[in-house]
Amino acid sequence: MTRTTEALIPKLQEYVAANSSAPDQVLLDLAAETEKLFPDDNFMQIGPEQGTFMTLIAQISGAKQVIEIGSFTGYSAICLARGLRPGGTLLACDISEEWTSVAERYWKRAGLDDTITLKLGPALDTLRALPAEPQFDLAFVDAEKEDYVDYWEELVPRMRPGALILADNTLHHGQVVDPDENATNVQGIRAYNARVSADDRVEQVLIPIGDGVNLARVK
Ligand SMILES: C[S@@+](CC[C@H](N)C(=O)[O-])C[C@H]1O[C@@H](n2cnc3c(N)ncnc32)[C@H](O)[C@@H]1O
């Protein structure tokens, strides 16, 4: 029994992966193709344990209407969409036609092309164009780190009571606690974690899975 989180040395990371549900062939092929097509960018994709975690979160929460901010080649959207209740939908927001053209191929292959709708354009514009009333059960934030607080302010009024907001990279490779690290994206993440912590409309936990997932539940 311990009250702290274990740091994952590589061997322990392997153990975690070996004891988590493995990605299926669609996700394995998507990860391989993303690495082949975009070797300089594929680090942006969430990892397999985080994917399984997000499918479970969607299932456990009973989510039906989901929004994703930052879809890249589609891995995280597949994981979330697979956890939705029957008839559920996911609005995938991104600005890259090139990356999301891969996503759309894999969403079709996963049988999710009727579930996931792609909205190309800056996510803040997409959010602001949506009615400012509760409509989503689950959100996943994974686009511009500098804009995370602005995504938050637009998302919260659009979430139903009990809805969940997940945000990725909220440990930012440990740089969040490095006083010498002041890149704008790290500052954006620090500001987001601080904003969520101070917001009494939610309760939240920062989960050290992947690069850190901030999980907030709207009261
Ligand atoms: C970290 S990647 C998302 C990774 C994805 N969630 C996954 O697991 O595969 C960030 C994505 O945000 C998109 N993006 C960047 N700026 C954006 C903006 N202003 N609005 C919407 N999407 C944006 C990028 O095109 C990129 O695909």
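Everything that follows concerns the structure shown earlier in this document.
Please read these numbers as outputs of a predicted model, since none were measured by experiment. (Residues numbered from 1 in each chain as written. Predicted model: local features only at pLDDT ≥ 70, side-chain atom pairs only at ≥ 80, totals over all residues. Heavy atoms only, no water.)

Trainee: Please set out the overall build of the protein residue by residue, giving values where relevant.
Mentor: Each helix and strand counted, the protein has eight helices and seven strands in total. For 219 residues, the compact-globule formula gives about 17 Å, and the C-alpha radius of gyration of the protein, at 17 Å, lands near that figure. Here the protein holds 219 residues, and 46% of them are scored as buried. Summarising the internal contacts of the protein: among those between residues at least 6 apart in sequence, 69% fall at separations of at least 24. Accessible area of the protein: about 11200 Å², with a carbon and sulfur share of 53%. Both charge centroids of the protein, one from 19 positive and one from 34 negative side chains, sit 7 Å from each other. (Helix = DSSP H or I, 4+ residues; strand = E, 2+ residues; numbered from the N terminus. Rg over C-alpha atoms; globule rule 2.2 N^0.38 Å. Buried < 20%, exposed > 50% of the residue type's maximum accessible area, 1.4 Å probe, protein only. Contact = heavy atoms within 4.5 Å. Areas by Shrake-Rupley, 256 points an atom, 1.4 Å probe, with all protein chains shown as cover. Lys, Arg positive; Asp, Glu negative; His and termini not counted. Charge placed at Lys NZ, Arg CZ, Asp CG, Glu CD.)

Trainee: I'd love a proper account of the pairing of strand β4 (residues 136-141), names of residues and values included.
Mentor: Among the six residues of β4, six are classified as buried, and the element is accordingly described as predominantly covered. One ladder, built from four bridges, connects strand β1 (residues 65-69) with β4; its direction is parallel. From the neighbouring strand, Val66 faces β4, where its bridge partner is Leu138. In terms of strand pairing, β4 meets strand β5 (residues 159-167) through five bridges, oriented parallel. Residue Ala139 lies in a different strand from β5, and its bridge partner there is Ile165. On the question of chirality, the crossover connecting β4 to the parallel β5 by way of helix α7 (residues 148-155) is right-handed. (Pairing = 2+ DSSP bridges. Right-handed = clockwise from strand over helix to strand, strands pointing away.)

Trainee: Which residues make up the packing of helix α2 (residues 25-37) against helix α5 (residues 97-109), and what values do they have?
Mentor: Two packed helices can be described by the angle between their axes and the distance between those axes. Packing of α2 against α5 brings their axes to within 11 Å, and their N-to-C directions diverge by 165°. Between α2 and α5, the crossing angle belongs to the class labelled roughly antiparallel. Judged by the twist between their axes, the crossing of α2 over α5 is right-handed. In contact with Gln25, Val26, Asp29, Leu30, Glu33 and Leu37 of α2, α5 contributes Val102, Arg105, Tyr106 and Arg109. (Axes fitted to C-alpha atoms, helices over the stretch in contact; angles between N-to-C directions. Parallel < 35°, antiparallel > 145°, perpendicular 65-115°, else oblique. Left-handed = near helix turned anticlockwise from the far one by under 90°.)

Trainee: Hey, could you go over the site of the ligand for me, with residue numbers and the actual values?
Mentor: As a matter of local geometry, the ligand sits amid 19 residues, with Gly70, Ser76, Asp94, Ala123 and Asp142 nearest to it. At a separation of 2.6 Å, an oxygen atom of the ligand approaches a polar side-chain atom of Asp94. One nitrogen or oxygen atom from the side chain of Asp142 is found 2.8 Å from a nitrogen atom belonging to the ligand. Protein burial of the ligand: of its 600 Å² of free accessible surface, 92% is covered by the chains. Its residues assigned to classes, the shell around the ligand comprises ten nonpolar, six polar and three charged. (Near = heavy atom within 4 Å. Polar contact = N/O pair within 3.5 Å; in protein donor to acceptor, adjacent residues only side chain to side chain. Nonpolar A, V, L, I, M, F, W, Y, C, P; charged D, E, K, R; others polar.)

Limitation: the analysis is restricted to geometry and does not speak to function.
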